[in-house]
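Here's the letter readout for the chains.
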2 protein chains.
Amino acid sequence: MCQRFPVPVRVYLDYDSSENQLFLEEERRMSYLGFRCLEISRWVICGLIGFLTGLIACCIDIAVEKLAGVKYFVVKQNIEKFTEVGGLSISLILWAVLNSSLVMVGAITVAFIEPIAAGSGIPQIKCYLNGVKIPRVVRLKTLVVKVFGVICSVAGGLAVGKEGPMIHSGAVVAAGVSQGRSTSLKKDFKIFEYFRRDTEKRDFVSAGAAAGVSAAFGAPVGGVLFSLEEGASFWNQMLTWRIFFASMISTFTLNFFLSIYNNKPGDLSSPGLINFGRFESDVRTCLCPCLCPCLCPCLCPCGLLGALFNKLNYWLTIFRIRYVHRPCLQVMEAMLVAAVTATVSFSMIYFSNDCQPLGPDQSEDYQLQLFCADGEYNSMATTFFNTPERSVRSLFHNPPGSYNPGTLGMFTVTYFFLACWTYGLAVSAGVFIPSLLIGAAWGRLFGILLPTVTASGSVSIWADPGKYALIGAAAQLGGIVRMTLSLTVIMVEATGNVTYGLPIMLVLMTAKIVGDYFVEGLYDIHIKLQSVPFLHWEAPATSHWLTAREVMGAPVICFNRLEKVGTIVDILSNTSTNHNGFPVVVPVAASDEPGKICGLILRSQLIVLLKHKVFVELARSRLTQRKLQLKDFRDAYPRFPPIQSIHVSQDERDCMMDLSEFMNPTPYTVPQETSLPRVFKLFRALGLRHLVVVDHDNRVVGLVTRKDLARYHLGKHGLEELQLAQT
Amino acid sequence: MCQRFPVPVRVYLDYDSSENQLFLEEERRMSYLGFRCLEISRWVICGLIGFLTGLIACCIDIAVEKLAGVKYFVVKQNIEKFTEVGGLSISLILWAVLNSSLVMVGAITVAFIEPIAAGSGIPQIKCYLNGVKIPRVVRLKTLVVKVFGVICSVAGGLAVGKEGPMIHSGAVVAAGVSQGRSTSLKKDFKIFEYFRRDTEKRDFVSAGAAAGVSAAFGAPVGGVLFSLEEGASFWNQMLTWRIFFASMISTFTLNFFLSIYNNKPGDLSSPGLINFGRFESDVRTCLCPCLCPCLCPCLCPCGLLGALFNKLNYWLTIFRIRYVHRPCLQVMEAMLVAAVTATVSFSMIYFSNDCQPLGPDQSEDYQLQLFCADGEYNSMATTFFNTPERSVRSLFHNPPGSYNPGTLGMFTVTYFFLACWTYGLAVSAGVFIPSLLIGAAWGRLFGILLPTVTASGSVSIWADPGKYALIGAAAQLGGIVRMTLSLTVIMVEATGNVTYGLPIMLVLMTAKIVGDYFVEGLYDIHIKLQSVPFLHWEAPATSHWLTAREVMGAPVICFNRLEKVGTIVDILSNTSTNHNGFPVVVPVAASDEPGKICGLILRSQLIVLLKHKVFVELARSRLTQRKLQLKDFRDAYPRFPPIQSIHVSQDERDCMMDLSEFMNPTPYTVPQETSLPRVFKLFRALGLRHLVVVDHDNRVVGLVTRKDLARYHLGKHGLEELQLAQT
């Protein structure tokens with residue numbers, strides 16, 4: 001099942017920093033001034049993250065606009081040339097070829113160079129922030145491939161957006177900057193070494209994700225809330241403040257450079273990659289669809305459509321995982337989709353006879369006259385023959401009557417299936433914009449049909465279908481991704497009008513409730529398909545009858561303070577049970593029963609110890625041996641070598657290792673009677689990775705890990721226990 | 001020192017619900033459907049909270065507008081009458097009398113009926129959300145007095161705002177609604193009984209506070225962030241989502257009813273009590289003051305002014321605590337301030353000769369012609385002779401040249417001292433608006449002077465002093481209250497323009513950094529003056545050398561599972577050590593050393609047990625005795641009777657009590673070596689009230705409480721240990 005993220009052994013992040021002697025000594029040595037400097041450098045890093053993320057967003061935007069511009073210009077010329085003389089099939093072929101070649105380039109880079117860069121990357125970032133490490137997800141290489149792939153796939157006219165990937169890009173930037181080194185470049189700048197731990201890194205990554213959101217939608221606050229909703233379980237004021245700073249910087253950077261690029265420096269009018277344009281504050285027309293009970297039935301379908309989308313995509317993904325996992329196949333599929341998209345769009349435009357008079361305002365779009373009379377344009381073309389962002393904006397803002405219902409209906413249906421087919425291809429692209437587009441078309445259609453259906457009395461307030469487009473877009477997006485708080489704020493900020501908050505929120509809630517009844521959100525589906533042990537916010541409500549005793553893994557492999565090297569090596573090399581944390585115990589008199597807990601040591605720490613051969617005998621024999629420092633652990637972070645790569649000679653195996661100054665002497669423990677929700681709360685609130693279960697004499701009886709908790713979830717028939725892949 | 005909140009014994013909230021047998025049994029009995037119903041009722045409650053809070057805000061606003069309108073009208077008539085004939089002293093007296101009589105009424109209600117309703121109430125709510133219970137702070141009576149007091153003090157022309165109190169009001173509403181009963185009314189509706197514990201109640205109170213903020217400033221997101229910044233240490237998605245819902249409803253309710261009141265139903269144009277009016281998006285003029293390095297010196301003064309304000313108010317408060325704590329004195333002081341405010345304002349207006357031509361747009365203000373030529377008005381009057389909200393708005397939006405520098409300078413200085421004197425009076429009123437007003441005047445002055453100072457080349461971009469007013473307002477407010485994230489978002493939402501986010505944030509940060517260098521924020525000062533053990537976000541940075549052993553309180557008074565009633569009564573009645581939590585232990589062989597931990601029981605639980613005489617012997621003798629249920633604890637919540645009120649006869653003292661099914665069998669414990677930051681993190685993340693410290697054999701050696709942790713803080717000379725009042 002684990003084809004999409006090729007993960008041999010699942011590794012988790014440890015948000016609870018191991019306070020061993022080395023760490024404490026360092027902390028105690030550090031002066032107040034030292035902490036101040038750390039704080040300042042944190043701020044600097046966040047500023048950098050924001051700046052770079054904004055810059056990347058800017059590049060993507062410009063590149064896509066340029067490429068798409070050229071493409072549409074060429075095709076348009078061609079179409080106009082052949083409209084009279086006939087033989088539009090040539091134009092179709094031209095269009096299809098252009099698209100699929102662009103997509104091919106993108107797909108090849110993704111499929112062959114860095115498969116993890118496929119998709120929007122949001123599920124991976126969610127996992128990372130939740131505490132599950134996905135290999136290579138925050139590498140520089142991934143970032144490059146991602147950016148390049150996005151440009152190709154969006155310019156290639158697929159039903160995708162460039163917003164989702166920004167979140168991933170931001171996260172990668174954050175991980176890179178905060179660690180002060182790059183594995184891809186094999187370069188270590190020897191700065192920010194203090195931040196080379198999971199705790200710190202994860203904080204910065206959430207800042208990066210926030211910066212990404214804020215650059216994508218011009219929604220700094222939404223970015224912060226996204227990070228908090230997905231990641232930081234323990235809310236810390238300063239951290240949040242820094243995250244906010246990063247978001248602000250990133251949206252401002254993007255805004256600044258874009259407006260310079262558009263030769264309008266100073267009027268900062270494009271805070272995000274997509275901006276919905278200004279909605280004026282006359283909120284009635286937008287409140288009605290949500291507040292009139294008569295229209296509630298209109299909201300459920302959005303949830304339904306979202307659920308349908310997810311369900312179809314779920315089946316499709318399973319099919320892909322089974323049959324389409326060879327890179328060449330993936331590339332071919334991508335090209336196929338691109339060609340089909342072009343063909344469908346073309347034939348839709350070709351067969352539609354919806355001609356609208358040219359408005360002066362829409363000059364920036366690529367309008368096709370096609371078979372319309374002079375001074376008119378084909379309105380189907382404004383939706384299909386255009387970058388998705390622009391189509392969304394025109395659906396929101398074009399004056400009433402720009403589209404006739406037939407056009408919108410056809411568009412909704414076709415685009416729905418295209419988008420559904422596209423998501424999950426081996427190209428890097430997001431699902432936000434397609435969802436918005438489907439919803440907008442659907443909503444606008446509804447807004448047009450409504451007055452004809454309802455009593456014609458209150459036509460005045462039903463006037464503007466653009467409002468319905470907005471509501472529909474929100475509902476569709478909510479029905480697909482099922483984010484709640486952050487999505488509301490993002491939409492509100494993108495709309496730039498606070499008064500739309502309530503209706504948008506109500507719609508999102510309806511969509512979520514309706515959708516959740518049928519199937520999970522799209523990201524959760526994809527996460528579950530990788531059988532990632534994802535921890536939600538709370539334990540299932542009805543799980544109070546479970547206690548730590550039932551949940552924990554037992555028996556536990558423990559070490560003594562003074563342990564034989566051979567034993568350690570054997571246990572670490574034992575692949576059948578590859579644990580990552582080992583309680584350290586003091587053996588009790590009767591040797592058969594478990595020892596008393598006195599610490600917890602991680603595989604990674606043991607690996608470093610073995611690598612530096614920190615053995616008691618050696619220490620005694622050659623006194624010159626320098627004492628191991630925290631720096632050694634940090635240099636090895638985060639890619640500790642596998643145990644196989646470490647050679648331990650036969651007589652070294654008989655040496656002893658003293659773990660006492662490297663282990664965490666105060667691991668969190670719970671008694672066996674603790675209820676699951678209580679364990680869960682502790683685990684989640686502190687971002688733990690291992691929780692030791694002890695009996696009344698403090699003897700180790702079990703170990704609770706993330707997998708033990710993620711097993712249980714609330715299904716249709718009460719509490720269910722699902723089998724997570726034993727990776 | 002504890003005059004302002006009369007607190008005999010400080011009580012804390014227990015955010016970690018005690019999972020004793022009764023609780024677990026109930027939870028296990030409850031079906032999945034049951035949990036669903038609970039969830040739904042949570043949503044209903046939040047909706048109610050939002051609605052009621054919005055309604056209250058609406059009433060306050062209308063009442064103040066009406067009263068102030070009448071007052072200003074009368075005075076205006078009078079002034080105009082006497083302007084020619086002379087004898088304006090009569091008008092002065094009239095004005096002063098009107099003001100001080102209004103203020104007197106407010107002050108009397110506050111000082112004599114409910115002193116806790118004095119001030120903005122934000123410090124009290126901060127304490128509550130932090131986990132410190134302030135008696136009577138969330139009673140209905142407090143709410144009534146608060147609302148009435150605000151109306152009087154604002155209409156009485158004091159230098160105060162009605163925004164701060166909204167937060168308190170929202171919190172009270174929340175506490176009342178969520179508990180489904182009122183102590184003031186002696187009425188129990190027998191609903192929402194499940195929510196009668198600190199955990200749930202605190203969640204709802206944070207929702208109420210958020211609703212208050214959002215009604216005050218029309219800032220729903222800002223409200224959510226305020227609650228999170230102050231309260232919820234453990235971020236929970238659903239909770240936050242509910243809080244957001246409450247905020248949305250409250251701002252919408254206010255908006256809806258106000259626009260009906262203004263006969264403009266449908267155009268929802270007043271989302272908050274104060275709205276800054278629309279700032280158009282040409283952001284250059286507002287970016288410059290913050291981004292040009294040349295202007296950075298201009299920001300520090302704001303921090304300085306804020307610090308000065310706080311310092312003065314600190315001394316004043318100490319003076320008041322010492323000498324002005326008799327109610328009658330407080331009332332008289334309030335009246336004095338009111339009279340002085342009127343006099344000062346009047347003489348300012350009288351002696352100012354700043355006449356401006358009448359604009360058609362400002363017809364809504366009460367303009368005084370006074371000695372100006374016809375068709376002109378006295379611009380000093382627009383700031384002084386007006387409700388503060390309107391003055392703020394006119395400072396933001398009046399066209400350039402509406403004020404001359406002298407006016408603004410005088411106004412800033414006088415209003416600064418008036419506001420500083422006013423905050424802390426025995427009237428219920430907030431400090432937000434005065435701060436904004438001072439800052440706005442200051443900023444506008446700066447904006448006017450700047451072009452004359454700088455090279456006159458770039459006059460165009462310095463054009464609008466209103467932008468500077470906004471920046472100045474933000475800086476002043478930030479310098480006084482020192483809130484960061486939430487304040488930025490509140491300001492941005494009140495401005496209704498996202499592009500102002502970055503400059504506002506930069507200004508707030510500068511103000512905070514500069515201000516913190518000199519003195520704490522105003523609220524923190526007032527909290528500290530009550531010597532409340534307030535837990536901040538993290539342990540002091542340099543506290544790693546402290547361990548639980550040094551911090552904990554020892555020896556600990558423990559009970560056995562089966563304890564003699566006499567012992568319990570004696571320990572509970574011992575006033576010298578009134579502990580609230582007692583570890584329950586299994587005695588070990590050697591009787592002198594401490595027993596092994598097997599649970600934790602609270603004073604409140606013991607009280608209930610004693611009240612119902614749950615004694616082993618009785619249970620054995622009369623089998624009819626009904627088993628104690630969770631309901632009995634909930635009915636007693638939150639005001640458990642004092643031990644003195646419970647009579648235990650001599651032979652009952654010899655009975656035994658079995659604590660095992662009432663104690664929390666799985667309290668969180670830490671070993672003695674745990675470092676202070678680690679203890680602090682556990683304590684804060686889980687909202688604990690007691691944390692048991694055990695040795696390697698699980699024997700109780702100490703107990704860490706909130707006071708032990710709040711003792712340590714980072715002063716100028718590194719770590720300091722401050723003496724908290726032993727209450």
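Residues numbered from 1 in each chain as written. Chains lettered and ligands numbered in written order. Predicted model: local features only at pLDDT ≥ 70, side-chain atom pairs only at ≥ 80, totals over all residues. Heavy atoms only, no water.

*Asks:* Account for the overall build of chain A, naming residues and giving values.
*Replies:* Regarding its fold elements, chain A presents 27 helices and 16 strands. A burial count over chain A gives 64% of its 727 residues as buried. Long-range pairs, those at least 24 residues apart, make up 77% of the contacts in chain A between residues at least 6 apart in sequence. (Helix = DSSP H or I, 4+ residues; strand = E, 2+ residues; numbered from the N terminus. Buried < 20%, exposed > 50% of the residue type's maximum accessible area, 1.4 Å probe, protein only. Contact = heavy atoms within 4.5 Å.)

*Asks:* How would you explain unusual backbone geometry if you had to name every residue and give the values?
*Replies:* Residues and elements named next belong to chain A. For the bond running from alanine 554 to proline 555, omega is -5°, close enough to zero to count as cis. Among the secondary structure elements, proline 555 is positioned in the loop between helix H21 (548-551) and strand S7 (559-560). The phi dihedral of serine 531 is positive, around 45°, even though this residue is not glycine. Note on placement: serine 531 falls in the loop between helix H20 (522-529) and H21.

*Asks:* Tell me about the pattern of salt bridges, residues and numbers included.
*Replies:* Under the definition given, this model contains 57 salt bridges over all chains. The shortest N-O distance in the salt bridge between B:Asp654 and B:Lys564 comes to 4.0 Å. Remark: B:Lys564 occurs in strand S8 (residues 562-564) and B:Asp654 occurs in the loop between helix H25 (630-636) and strand S11 (656-658); sequence separation between them is 90 residues. Among the residues examined, B:Asp654 registers a relative accessible area of 48% and is labelled partly exposed. One network of salt bridges, with partners in common, ties together A:Glu39, A:Arg42, A:Arg197, A:Glu200 and A:Arg242. (Salt bridge = Lys/Arg side-chain N within 4 Å of Asp/Glu carboxyl O.)

*Asks:* Summarise the side chain of B:Thr407; cite the residues concerned and give the values.
*Replies:* Residue placement: B:Thr407 occurs in helix H15 (residues 405-422). When sequence neighbours within four positions are dropped, the list of residues in contact with B:Thr407 reads B:Asp354, B:Ser379 and B:Met380.

*Asks:* I'd like a description of the sheet that holds S7(A), backed by residues and values.
*Replies:* Residues and elements named next belong to chain A. Here we have three strands laid out as an open sheet, ordered S7-S9-S10, and mixed in their pairing. Edge positions in the sheet fall to S7 and strand S10 (596-602), since each has one partner strand and no second. Relative to S10, strand S9 (residues 581-586) runs antiparallel, the two sharing six bridges. From the neighbouring strand, proline 583 faces S10, where its bridge partner is leucine 600. Running at roughly 75° to S10, helix H23 (residues 603-611) makes contact with S7, S9 and S10 of the sheet. (Pairing = 2+ DSSP bridges. Axes fitted to C-alpha atoms, helices over the stretch in contact; angles between N-to-C directions.)

*Asks:* So what about the relation of the copies chain B and chain A? Which residues, and what values?
*Replies:* Related by rotation about an axis and a shift along that axis, the two copies of the chain form a pair. Once turned by 180° and shifted 0.0 Å along the axis, chain B lies on chain A with an RMSD of 0.1 Å. With respect to symmetry, the two chain copies, as superposed, fit the operation of a two-fold axis. The residues that chain B uses at the interface reappear at the interface of chain A in 100% of cases, marking a shared surface. (Least-squares fit on C-alpha atoms with pLDDT ≥ 70 in both.)

*Asks:* Give a detailed account of the sheet that holds strand S12 (residues 669-671) of chain A, specifying residues and quantitative values.
*Replies:* Residues and elements named next belong to chain A. Taken together, three strands build an open sheet; the order of strands is S12-S13-S14 and the sheet is mixed. Strand pairing shows two members of the sheet lacking a second neighbour, S12 and strand S14 (700-705), which therefore form its edges. Recorded for the sheet is a direction-independent mean angle of 35° between the axes of neighbouring strands. Summarising the sheet, S12 and strand S13 (residues 690-694) pair through three bridges and their orientation is parallel. Bridging from a neighbouring strand, valine 670 pairs with valine 693 of S13.

*Asks:* Tell me about the environment of B:Val132, and please be specific about residues and values.
*Replies:* Looking at the secondary structure, you find B:Val132 in strand S2 (residues 132-133). The spatial distance from the C-alpha of B:Val132 to the C-alpha of B:Val11 is 6.4 Å, given a sequence separation of 121 residues.

*Asks:* Provide a residue-level description of the side chain of B:Thr422, including the pertinent values.
*Replies:* Residues and elements named next belong to chain B. Mapped onto the elements of the fold, threonine 422 is located in helix H15. Take threonine 422: its relative accessible area is 2%, and that puts it in the buried class. Those residues in contact with threonine 422 that sit more than four places away from it in its chain are Leu158, Ala159, Val160 and Val337.

*Asks:* I'd like to hear about the packing of helix H18 (residues 485-495) of chain B against helix H19 (residues 501-518) of chain B, residue by residue, with values.
*Replies:* Residues and elements named next belong to chain B. For the pair H18 and H19, the least separation of the axes is 9 Å and the interaxial angle reads 145°. Where H18 crosses over H19, the two elements pack in a sense that is right-handed. Of H19, the residues touching H18 (which contributes Leu487, Thr488, Met491, Val492 and Thr495) are Gly501, Ile504, Met505 and Leu508. Along the lines of polarity and charge, the residues of the contact of H18 with H19 split into six nonpolar, three polar and no charged. (Left-handed = near helix turned anticlockwise from the far one by under 90°. Nonpolar A, V, L, I, M, F, W, Y, C, P; charged D, E, K, R; others polar.)

*Asks:* Tell me about a nonpolar patch on the surface, residues and numbers included.
*Replies:* Side chains of A:Ile40, A:Val44, A:Leu48, A:Phe51 and A:Leu52 sit close together on the surface and give an oily, nonpolar patch of about 390 Å² of accessible area. Its place among the elements puts A:Val44 in helix H2 (residues 32-85). (Patch = residues over 30% accessible without salt bridge, like charges linked within 9 Å, V, L, I, M, F, W, Y side chains within 5 Å. Areas by Shrake-Rupley, 256 points an atom, 1.4 Å probe, with all protein chains shown as cover.)

*Asks:* Quick rundown of the interface of chain B and chain A? Include the residues and the values.
*Replies:* Counting residues at the interface gives 78 residues for chain B and 79 residues for chain A. Each partner contributes to the roughly 7,400 Å² buried at the junction of chain B and chain A, and carbon and sulfur atoms together form 68% of this total. Here chain B is connected to chain A by four salt bridges. Between B:Arg678 and A:Asp16 there is a salt bridge, with the nearest N and O atoms lying 3.1 Å from each other. Between chain B and chain A we count 15 residue pairs in polar contact (both at pLDDT 80 or more) in total. Sort the elements by how many residues they give to the side of chain B that touches chain A and helix H9 (residues 237-261) of chain B lands first, with eight residues. Grouping the amino acids of the side of chain B that touches chain A by side-chain chemistry returns 40 nonpolar, 22 polar and 16 charged. (Buried area = accessible area lost by both parts, 1.4 Å probe. Polar contact = N/O pair within 3.5 Å; in protein donor to acceptor, adjacent residues only side chain to side chain.)

*Asks:* Give a detailed account of helix H4 (residues 122-130) of chain B, specifying residues and quantitative values.
*Replies:* All names here are of chain B. Of all nine residues in H4, nine are buried; the element is thus mostly enclosed. Considered for burial, the residues of H4 that qualify are Ile122, Pro123, Gln124, Ile125, Lys126, Cys127, Tyr128, Leu129 and Asn130. Where H4 terminates, the next one or two residues include glycine 131, which has phi positive at roughly 115°.

*Asks:* So what's going on with the packing of aromatic side chains? Residues and values would help.
*Replies:* Counted under the stated rule, the structure contains 50 aromatic pairs over all chains. When the centroid spacing of 5.6 Å and the interplanar angle of 80° are considered together, the rings of B:Phe256 and B:Phe257 count as edge-to-face. B:Phe256 gets classed as partly exposed once you look at its relative accessible area, which sits at 36%. With relative accessibility at 29%, the residue B:Phe257 sits in the partly exposed group. In this structure, A:Lys71 packs its charged tip against the face of A:Tyr72, placed 4.5 Å from the ring centre. The ring of B:Trp537 carries B:Arg684 above its face, with NZ or CZ at 4.4 Å from the centroid. (Phe/Tyr/Trp six-rings, centres within 6.5 Å; stacked < 30°, edge-to-face > 60°. Lys NZ or Arg CZ within 6 Å of the ring centre and 35° of its normal.)

*Asks:* I'd like a description of the confidence of the model for chain A, backed by residues and values.
*Replies:* All names here are of chain A. Model confidence for chain A is summarised by a mean pLDDT of 83, while 89% of its residues fall at 70 or above. Long-range and interchain partners of residues 1-8, a stretch whose pLDDT sits below 50, account for 20 contacts in this model, where long-range means more than four residues apart. Taken together, the stretch residues 456-461 has pLDDT below 50 and engages in two contacts with residues farther than four places along the chain or on a different chain. As scored by the predictor, the complex reaches a pTM of 0.91 and an ipTM of 0.89. (pLDDT = per-residue confidence, 0-100.)

*Asks:* Mind laying out the state of the cysteines, listing which residues take part and the relevant values?
*Replies:* Residue and element names in this part refer to chain A. With the rule as written, the count across this model stands at zero disulfides over all chains. With no disulfide of its own, cysteine 46 lies closest to cysteine 37 among cysteine sulfurs, the gap being 16 Å. Among the residues examined, cysteine 46 registers a relative accessible area of 1% and is labelled buried. (Disulfide = S-S within 2.5 Å.)

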